Amino acid sequence: MRKFIVLPDNSRVAIKKAELSDVKGILELYENVYSGKYTLPEATNAEIAESKIKDPHYLWLLATKSKKIIGSVIFEIEPEHRLGKIYGAAVLSEYQGKNIMHFMAREVIEELCDRLDQCDAIYATTRTVSFAPQIVLEHIGFVSLGVFPNVRRVQKHETHGLEVYFSKKAFEYRLVMPTIIPELKKVYKIVKDIFQLEEALMVDKLEDFPQEDSIWFIYDDNEKNVAEQFEKYKKSGEKMSGYVPFTTPNMRFYSKDLKNEIFCNINRQDGHMAVVGFKCRSKNFTNLLNSFCRAAQAVAGAQYVEILVSAFAPAIQKQALDARFLPCAYFPAMLRNSEGERIDYFVMSRSFVNLDFTELHLVKNNQKFLEAFMECWYNSVVKFSKSFDDETNIFNE
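(A) Structural context of the overall build of the chain. When helices and strands are tallied, the chain shows nine helices and 17 strands. Computed over its C-alpha atoms, the radius of gyration of the chain comes to 21 Å, within 12% of the 21 Å expected for a compact globule of 397 residues. Taking the principal axes of the C-alpha coordinates as reference, the chain spans close to 65 × 50 × 40 Å. Buried positions account for 52% of the 397 residues belonging to the chain.

(B) Local environment of the packing of helix α5 (residues 185-195) against helix α9 (residues 364-382). Look at α5 against α9: their axes get within 9 Å of each other, and the N-to-C directions meet at 160°. Relative to α9, the element α5 lies roughly antiparallel. The two elements α5 and α9 meet at a crossing, and its hand is right-handed. Residues Lys186, Val187, Ile190, Val191 and Ile194 of α5 lie in contact with α9, whose contacting residues are Asn365, Lys368, Phe369, Glu371, Ala372 and Glu375. Counted by class, the contact of α5 with α9 contains six nonpolar, one polar and four charged residues.

(C) Fine view of the nonpolar core. Core analysis: the biggest nonpolar cluster contains 70 residues, and Phe253, Met273, Phe292, Ile307, Phe325 and Phe331 have the highest contact counts within it. Once residues within four sequence positions are removed from consideration, Phe325 is found in contact with Leu289, Cys293, Val305, Ile307, Ala320, Met348, Ser349 and Arg350. By size, the runner-up hydrophobic cluster in this structure holds 49 residues, among which are Tyr58, Leu92, Cys119 and Ile122.

(D) Just a nonpolar patch on the surface, in detail. Residues Val176, Met177 and Leu201 make up a contiguous nonpolar surface patch of roughly 280 Å² in combined accessible area. Among the secondary structure elements, Val176 is positioned in the loop between β8 (157-166) and β9 (179-180).

(E) Fine view of the environment of Val347. Positionally, Val347 belongs in strand β17 (residues 342-351). Separated by 39 residues in sequence, Val347 and Leu308 have C-alpha atoms that sit 4.9 Å apart. Non-local contacts of Val347, meaning those with residues more than four positions away in its chain, are made with Phe148, Glu306, Ile307, Leu308, Leu326, Pro327, Cys328 and Ala329.

(F) A look at the pattern of salt bridges. Scanning the entire structure with this criterion turns up 19 salt bridges. Linking Lys169 and Asp117 is a salt bridge whose minimum nitrogen-to-oxygen distance equals 3.0 Å. With Lys169 in the loop between β8 and β9 and Asp117 in the loop between α3 (100-115) and β6 (121-127), this pair connects stretches of sequence that are 52 residues apart. Note on Asp117: relative accessible area 30%, which makes it partly exposed. The partner of Lys189 in a salt bridge is Asp193, and the shortest N-O contact between them spans 2.7 Å.

(G) Expanded view of the pairing of strand β2 (residues 12-17). Here three bridges tie strand β1 (residues 4-6) to β2, and the two strands are oriented antiparallel to one another. Bridged to Phe4 within β2 is Ala14. Remark: five residues form the turn of the hairpin made by β1 and β2, two consecutive strands paired antiparallel; Asn10 in that turn has positive phi of roughly 70°. Here β2 runs beside strand β3 (residues 58-65); their pairing, made up of four bridges, is antiparallel. The residue bridging Lys16 from the neighbouring strand is Leu62, located in β3.

(H) Just the side chain of Lys192, in detail. Along the chain, Lys192 turns up in helix α5. If we ignore the near neighbours within four places in the chain, the residues touching Lys192 are Leu197, Glu198 and Glu199.

About the cut-offs
Residue numbers restart at each chain and count upward from 1, following the sequence in its written direction. pLDDT decides what is reported in this predicted model: residues at 70 or higher carry local features, side-chain atom pairs at 80 or more are listed and counted, and totals for whole chains, interfaces and linings draw on all residues regardless. Each side-chain value is derived from all of the structure's non-hydrogen atoms; neither hydrogens nor water enter the calculation. Secondary structure elements follow DSSP: runs of H or I no shorter than four residues count as helices, runs of E no shorter than two count as strands, and numbering proceeds from the N terminus. C-alpha atoms define the radius of gyration in this analysis, and the globule rule sets the expected value at 2.2 Å times the number of residues to the power 0.38. Throughout, exposure labels follow a simple rule: accessible area from a 1.4 Å probe, protein chains only, divided by the maximum for the residue type, with under 20% read as buried, over 50% as exposed, and the rest as partly exposed. To obtain an axis, a line is fitted to C-alpha atoms, over the contacting stretch when the element is a helix, and the angle between two such axes runs from 0 to 180 degrees between their N-to-C directions. Orientation is classified from the angle alone, with under 35 degrees giving roughly parallel, over 145 giving roughly antiparallel, 65 to 115 giving roughly perpendicular, and any other angle giving oblique. Less than a right angle of anticlockwise turn of the near helix away from the far helix marks a crossing as left-handed, whereas a clockwise turn marks it as right-handed. We call two residues in contact when some of their heavy atoms are within 4.5 Å. All residues other than Ala, Val, Leu, Ile, Met, Phe, Trp, Tyr, Cys, Pro, Asp, Glu, Lys and Arg, Gly among them, are scored as polar; the first ten of these are nonpolar and the last four charged. By convention a nonpolar core is built from buried Ala, Val, Leu, Ile, Met, Phe, Trp, Tyr and Cys residues, the set being connected through side-chain atoms within 4.5 Å. Without a salt bridge and with relative accessible area above 30%, a residue can belong to a patch; like charges are then joined within 9 Å and nonpolar side chains (Val, Leu, Ile, Met, Phe, Trp, Tyr) within 5 Å. Shrake-Rupley sampling with a 1.4 Å probe provides the accessible areas, and residues are treated as covered by the protein chains on show and by no other component. When a carboxyl oxygen of Asp or Glu lies within 4 Å of a side-chain nitrogen of Lys or Arg, that pair is called a salt bridge. Two strands are said to pair when DSSP picks up at least two bridges between them.

Right, here's the structure in full:
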């Protein structure tokens, strides 16, 4: 890996792995770049930052000039699924536009996917207040595969984009012909056209789901207890759906009879909640999600909830949609199953604050995903008499 890069003015910027002695400078960098509004724990908490630097599954890179930290980016690796995540990118304003992040990201991606062969895919989420983050990643081979409406709050709630880099062999073990409901067809078509994938199998009719009483959830927000319980489930081999890599649950919602449990991660600064895994013995998943959302809002202040849904689980897709979880991204060949096949997933989300798409800067693919999201929202939530296609196209000039 290169130890330095040369800027347009011929000055050098050193590239190094973060060390414990760098933590103070790292926190100052994020404070400077985001004016104290950043909600990422490792960017604001010294103890958490130190734990990530020491963790062998993390690679934290810094850009320094005259020993001052001017840039930072974090990589995390999930060996079981050969999946990587890049996040926490930050460059001081006076050094932005000099391709520093471009070089840092490219070097590590080539290292992980090509030279070390540790990852088949690496993903990132990008802010959309400008085109720059999306374009930086596209220039090194990332593909835009979705948007997350109202996902994070910095100055205000922002919509972020999903960008994914695939290695040359990422699709070799992909399980083909996903089974999806017609309402999600447009989302799949965007990805199908990008990668020249096969047609999906459409399931028009599903069995009726029985009506059930609302579930009264008990919750546990002791982070240590929740993490231990989650690890216990994973080691026991008991089936849990919706697993999300790179995310440690810090809340657990469960019914009194323990037939239904949801592990999630809540960021209390901005109300972002991700479902990390769930056990559902209820026959009505829509009822479970609605009951959970009411509890999550009431006791945790959730403002946004997202869940991973397999592209091979049409009943779960339909019931999640009925609970107003809308498709916002599609990640092909995301996770590996027990046979080593890579499975496609939808990311579906539900927001409890008003959608605001002003000041968005989206590359073309993500414009298509936003339009597909809005069509689903229109048909599932608004349900006017006119079809979405009869309305003015939101991206027509």
